[in-house]
Amino acid sequence: IKPPGTLDVVDVLRVGPTLFVGLTARSNISAIEQLRLIVSGYGYEVREVIVDGCLHLKTAVTMVGSGTLLVNRSWIDLKTFKGFDFVDVAPREPMAANALLIGERVVFPQTYPETRERLEKKGIPVITVDISELAKAEAGVTCCSLIVKERDYVSS
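Residues numbered from 1 in each chain as written. Predicted model: local features only at pLDDT ≥ 70, side-chain atom pairs only at ≥ 80, totals over all residues. Heavy atoms only, no water.

A few points about the environment of A31
For A31, the location among the structural elements is in helix α1 (residues 29-40). Between the C-alpha atoms of A31 and P17, which are 14 residues apart in sequence, the distance is 18 Å. (Helix = DSSP H or I, 4+ residues; strand = E, 2+ residues; numbered from the N terminus.)

Pasting the structure below:
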């Protein structure tokens, strides 16, 4: 991404071949248009998401299962995510949408027990972690994670 484009990775949510990109204070339309050009040859579609009320897209929505998103409806327009099932964050836990799906389990902040219960009632297995210090800066589990998939390597 080249200036004047700016893109923060926490504003990018990949769901299969779709990249949802938040239009935020840290990611702008120039970057979204550049990203669209960069990834189009690889079979990805880029969808712009207007984010209002929080710092990053992944503060408002993350994937928690096949076809299921954890959302704070007051910060994004769900029409952008047509075709998905939604789990809403608990009203008293507006920052609870930042979750990290790894395999079949969701890594989730322990400070949001009502939203955790909503996930578990949907049959989504949850592993809780303490991120209270990170949360002071509106950071979540997706902000401090780099997921690397295991690959098959041929030994010589």
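Once you've had a look at it, read on.
Observations concerning the sheet that holds strand β2 (residues 18-23)
Each strand in a sheet pairs with its neighbour through backbone hydrogen bonds, running either in the same direction (parallel) or in the opposite one (antiparallel). The 3 strands lie next to each other as β1-β2-β3, forming an open sheet whose pairing is mixed. Bordering the open sheet on either side are β1 (12-15) and β3 (45-50), each of which pairs with just one other strand. The mean inter-strand angle of the sheet, taken between neighbouring strand axes irrespective of direction, is 25°. Looking at chain direction, β1 and β2 are connected through 4 bridges and run antiparallel. Each residue of the ladder has a partner; that of V15, found in β2, is T18. (Pairing = 2+ DSSP bridges. Axes fitted to C-alpha atoms, helices over the stretch in contact; angles between N-to-C directions.)

Things to note about the sheet that holds strand β8 (residues 105-109)
Across the sheet, which stays open at both edges, the 3 strands sit in the order β7-β8-β9 with mixed pairing between neighbours. Where the open sheet ends on each side, the last strands, each with one partner, are β7 (100-102) and β9 (126-129). Strand-to-strand twist of the sheet, defined as the mean angle between neighbouring strand axes without regard to direction, takes the value 30°. Pairing of β7 with β8 involves 3 bridges; the strand directions are antiparallel. In the strand pairing of β8, I102 is matched with R105. Set on the sheet, helix α3 (residues 113-121) makes contact with β8 and β9; between it and β9 the angle comes to about 165°. (Contact = heavy atoms within 4.5 Å.)

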